[in-house]
Amino acid sequence: MKLEEMTWYEVQTHLQESRGIILPTGSVEQHGPLGLIGTDSICAREIAWAAAERCSAIVAPEISYSPAPFNMSFPGTVSLTPAVFESVVRDVLTSLAHHGFERIYILNGHGANLSILRDLEESFQQMVRVKSWWDFKPVNILRDQFYGDWEGMHATPSEIAITQDTHRIVRIDDLAPPEKLSPDYIAAHAGDKHGPPDAHRESFPDGRVGSHSGLAKAEHGKKLLKAAAHAVAEDCLSFFE
Ligand code: NI
């Protein structure tokens, strides 16, 4: 069930049976030449919707606007300062808690959200659980099987495959693979810690960071979405109990 498509009577009735809700978080940012601007938000909410069907949960409208400063040299990216994002998420959590949602499961789709979400998870204690959709073993087995090292760090073929299944496929003929990342680069930039926007665009001119998005296939996306939804539903059920 989607919160925005329910009446308050229905929410009140649901709360008598379950105190859990899923809140997806994503981003509004460039995802390379083949990736949609809303890739992170689309992945998080589509997986949340599919998971919710399996465990009869409510899904709140996703929080798309978030920090993505390093992508600001690419048109279409919108970036919040970390403090604003923190306040928005905090107010959403506080509102949901006010109505009796005592278990709020944040399903994240954007690496740069994580450090802020983890701090909130700590401050709301047992009320909030934060997971990214790629945290689950069955999902990672598929990512590795489909793409191996070419998954890379940004505009990953796995996230683009999911949007190909749920939305549309962008095709560009003769798009070469991106530059392969060194293990040192990956270690130093984990959690989407990239440099200033102009330097970032200079280093990664088409926006892909080591990710060979051209390997994405809608049929992979369907399998990834299913595996992630299954894992998230199980995790939600244990958290909501
Ligand atoms: Ni992404």
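Conventions we followed
Residues numbered from 1 in each chain as written. Predicted model: local features only at pLDDT ≥ 70, side-chain atom pairs only at ≥ 80, totals over all residues. Heavy atoms only, no water. Donors = N, O, S within 2.8 Å, 3.2 Å for Na, K, Ca; no water. Buried < 20%, exposed > 50% of the residue type's maximum accessible area, 1.4 Å probe, protein only. Helix = DSSP H or I, 4+ residues; strand = E, 2+ residues; numbered from the N terminus. Pairing = 2+ DSSP bridges. Right-handed = clockwise from strand over helix to strand, strands pointing away. Disulfide = S-S within 2.5 Å. Axes fitted to C-alpha atoms, helices over the stretch in contact; angles between N-to-C directions. Parallel < 35°, antiparallel > 145°, perpendicular 65-115°, else oblique. Left-handed = near helix turned anticlockwise from the far one by under 90°. Contact = heavy atoms within 4.5 Å. Nonpolar A, V, L, I, M, F, W, Y, C, P; charged D, E, K, R; others polar. Core = buried A, V, L, I, M, F, W, Y, C linked by side-chain atoms within 4.5 Å. Phe/Tyr/Trp six-rings, centres within 6.5 Å; stacked < 30°, edge-to-face > 60°. Lys NZ or Arg CZ within 6 Å of the ring centre and 35° of its normal.

1. Observations concerning the coordination of the nickel ion
Around the nickel ion, the protein contributes the donor atoms His31 (NE2), Asp40 (OD) and Glu159 (OE), which lie 1.8 to 2.2 Å from the metal centre. Each donor residue of the nickel ion belongs to the same chain, with the gaps between them written as H-x8-D-x118-E. Among the residues examined, histidine 31 registers a relative accessible area of 1% and is labelled buried.

2. Things to note about the pairing of strand S1 (residues 20-25)
Residues in a regular strand project their side chains so that they alternate between the two faces of the sheet. Most of S1 is tucked away, with six of its six residues classed as buried. Of the two faces of S1, both are covered, the one formed by Gly20, Ile22 and Pro24 as well as the one formed by Ile21, Leu23 and Thr25. Pairing analysis gives six bridges linking S1 to strand S3 (residues 103-108), with the strands arranged parallel. For threonine 25, the partnering residue across the bridge sits in S3 and is asparagine 108. Two strands pair when backbone bridges link them, and S1 and strand S2 (residues 58-59) are joined in this way by two bridges, in the parallel orientation. Bridging across to S2, isoleucine 22 finds its partner in valine 59. For the crossover that starts at S1, traverses helix H2 (residues 39-55) and ends in the parallel S2, the hand is right-handed.

3. Quick word on the state of the cysteines
Scanning the model with the defined rule gives zero disulfides in all. We note that cysteine 43 lacks a disulfide partner, and the nearest cysteine sulfur, in cysteine 236, lies 17 Å from it. Considering cysteine sulfurs only, cysteine 55 is the nearest to cysteine 236, which forms no disulfide, with 4.8 Å between them. Since its relative accessible area comes to 0%, cysteine 236 is described here as buried.

4. Thoughts on the packing of H2 against helix H6 (residues 157-166)
It is the contact of H2 with H6, at a shortest axis distance of 9 Å, that shows an interaxial angle of 65 degrees. Classed by the angle they form, the pair H2 and H6 counts as roughly perpendicular. The interaxial crossing formed by H2 with H6 has left-handed handedness. From H2, Thr39, Asp40, Ile42, Cys43, Glu46 and Ile47 reach across to H6, where they touch Glu159, Ile162, Thr163 and Thr166. Grouping the constituent residues of the contact of H2 with H6 by class yields four nonpolar, three polar and three charged.

5. Some remarks on unusual backbone geometry
Positive phi values are uncommon outside glycine, yet serine 56 reaches one of about 50 degrees. Relative to the elements of secondary structure, serine 56 occurs in the loop between H2 and S2. The phi torsion at alanine 155 lies on the positive side, around 65 degrees, for a residue other than glycine. Note on placement: alanine 155 falls in the loop between helix H5 (137-147) and H6.

6. Some thoughts on the nonpolar core
Counting residues in each nonpolar core, the largest one holds 33 residues, and the members touching the most others are Ile22, Ile47, Tyr105, Leu107 and Val232. Mapped by element, the contributors of at least two residues to this core are H2, S3, H5, H6 and helix H9 (218-240). Ile104, Leu117, Val128 and Val130 belong to the second-largest nonpolar core, a separate cluster that totals 23 residues.

7. Regarding the packing of aromatic side chains
Tallied over the entire structure, the rule returns six aromatic pairs. Between tryptophan 8 and tyrosine 9, the aromatic rings sit 4.6 Å apart at their centres with planes inclined by 80 degrees, giving edge-to-face as the arrangement. For tryptophan 8, a relative accessible area of 59% gives the class exposed. You can call tyrosine 9 exposed: its relative accessible area is 57%. Among the aromatic residues, those joined into a cluster by ring pairs are Tyr105, Phe239 and Phe240. The ring of tryptophan 49 carries the charged tip of lysine 2 above its face, separated from the ring centre by 3.9 Å. In this structure, arginine 103 packs its charged tip against the face of phenylalanine 239, placed 5.8 Å from the ring centre.

8. Some thoughts on the sheet that holds S1
Spatially, the four strands line up as an open sheet ordered S2-S1-S3-S4, and their pairing is parallel. Single-partner strands in this sheet number two, and they are S2 and strand S4 (128-132). Relative to S4, S3 runs parallel, the two sharing five bridges. Its bridge partner lying in S4, tyrosine 105 is registered against arginine 129. In this fold H2 packs onto S1, S2 and S3, with an angle of close to 160 degrees to the strand it touches most, S1.

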